[in-house]
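Per-entry structural report
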Amino acid sequence: MADEVDRIVEAWRRERPDLDVEPMEVLSRVTRLARQLDLARRSTFLAHGLEVWAFDVLSALRRSGEPYRLSPSQLLTQTLVTSGTMTNRIDRLAGLGLVERHPDPRDRRGVLVQLTDTGRQRVDNALRELLEIERQLLVALSGDDQKLLAGLLRDLSIGFDTDS
């Protein structure tokens, strides 16, 4: 069964037989899947009153475990944005009642950002729905094939991780 990438690769092979277009067979599919996943995430988060960046911040706090608190610098590390951007995001999330700022008991000048109960419920509900949609995106693969693919993609992407 051929897909759109097969048709594109075949056309390039016909038009440019001098080029090895084999990388397209993998990476064009990854790009198409990433686009579908991005659309699924955006619509899921929007249904829960969140933008992608808001989910990123809230989920970083949620993953930190009780009491769901991180410093702004810890949030920077997990979300890979600038300090000014993070300050703006924290302000917006606090304005929505999804996070609160608290003084850092170990550093009088510091602040800790804490997930509110409303923020925790919002991110938990969005995550639950997202995981169901992601399962649907992978339905064509068996559990073993999903594990194999996850391992192969890990091998491919490990060099790109900033903290490895």
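Residues numbered from 1 in each chain as written. Predicted model: local features only at pLDDT ≥ 70, side-chain atom pairs only at ≥ 80, totals over all residues. Heavy atoms only, no water.

**Observations regarding the confidence of the model for the protein**
Close inspection of predicted coordinates is inappropriate for parts of the model with low pLDDT. Test applied: What pLDDT expresses is the predictor's confidence in each residue, scored from 0 to 100. A run of H or I in DSSP becomes a helix once it reaches four residues, and a run of E becomes a strand once it reaches two; helices and strands are each numbered from the N terminus.
In the predicted model, the protein carries a mean pLDDT of 94, and 98% of its residues have values of at least 70. Ranking the helices and strands of the protein by mean pLDDT puts helix α3 (residues 52–63) first, with 97, and helix α4 (residues 72–79) last, with 91.

**Remarks on the nonpolar core**
For the record, the criterion: By convention a nonpolar core is built from buried Ala, Val, Leu, Ile, Met, Phe, Trp, Tyr and Cys residues, the set being connected through side-chain atoms within 4.5 Å. Burial classes: relative accessible area under 20% of the type maximum marks a residue as buried, over 50% as exposed, and values in between as partly exposed (1.4 Å probe, protein chains only). Should any heavy atoms of two residues lie within 4.5 Å, those residues are considered in contact.
Ranked by size, the top nonpolar core spans 22 residues in total, and within it L50, L58, L61, L75 and L93 carry the most contacts. Counting residues per element, the ones that place at least two in this core are α3, α5 (83–95), β3 (107–115) and α6 (117–137). Counting residues per element, this core draws most heavily on α3, which supplies seven residues. Beyond its immediate chain neighbours, meaning those up to four positions away, L61 contacts Y68, R69, L70, L75, V99, V113 and L115.

**Regarding the environment of V113**
Counting through the fold element by element, V113 comes out in strand β3. A relative accessible area of 1% places V113 in the buried class. The spacing of V113 and L75 is 38 residues in sequence and 8.8 Å in space, taken between C-alpha atoms. In this view, V113 contacts L61, Y68, R69, L70, P72, L75, I90, V99 and E100; residues no more than four positions away in its chain are not counted.

**Quick word on the pattern of salt bridges**
Put simply, the rule is: By definition here, a salt bridge exists when the distance from a side-chain nitrogen of Lys or Arg to a carboxyl oxygen of Asp or Glu is within 4 Å.
Under the definition given, this model contains 15 salt bridges. Across the pair R29 and D6 runs a salt bridge whose closest N-O atoms are separated by 2.7 Å. Linking R29 in helix α2 (residues 22–47) with D6 in helix α1 (residues 4–15), this pair joins segments that are 23 residues apart in sequence. Accessibility expressed as a relative area gives 24% for R29, which makes it partly exposed. With relative accessibility at 26%, the residue D6 sits in the partly exposed group. Via salt bridges that share partners, D3, D6 and R29 belong to a single interconnected network.

**Here we look at the packing of α4 against α5**
Rules: Every angle, taken between N-to-C directions, lies between 0 and 180 degrees, and every axis is a line fitted to C-alpha atoms, over only the stretch in contact when it is a helix. These descriptions rest on fixed angle ranges, namely under 35 degrees for roughly parallel, over 145 for roughly antiparallel, 65 to 115 for roughly perpendicular, and the rest for oblique. Residues are grouped as follows: Ala, Val, Leu, Ile, Met, Phe, Trp, Tyr, Cys and Pro are nonpolar; Asp, Glu, Lys and Arg are charged; all remaining types, including Gly, are polar.
It is the contact of α4 with α5, at a shortest axis distance of 10 Å, that shows an interaxial angle of 110 degrees. Viewed along their axes, α4 and α5 adopt a mutual orientation that is roughly perpendicular. Judged by residue contacts, P72, L75, L76 and T79 of α4 engage S83, M86 and I90 from α5. Residues of the contact of α4 with α5, tallied by class, amount to five nonpolar, two polar and no charged.

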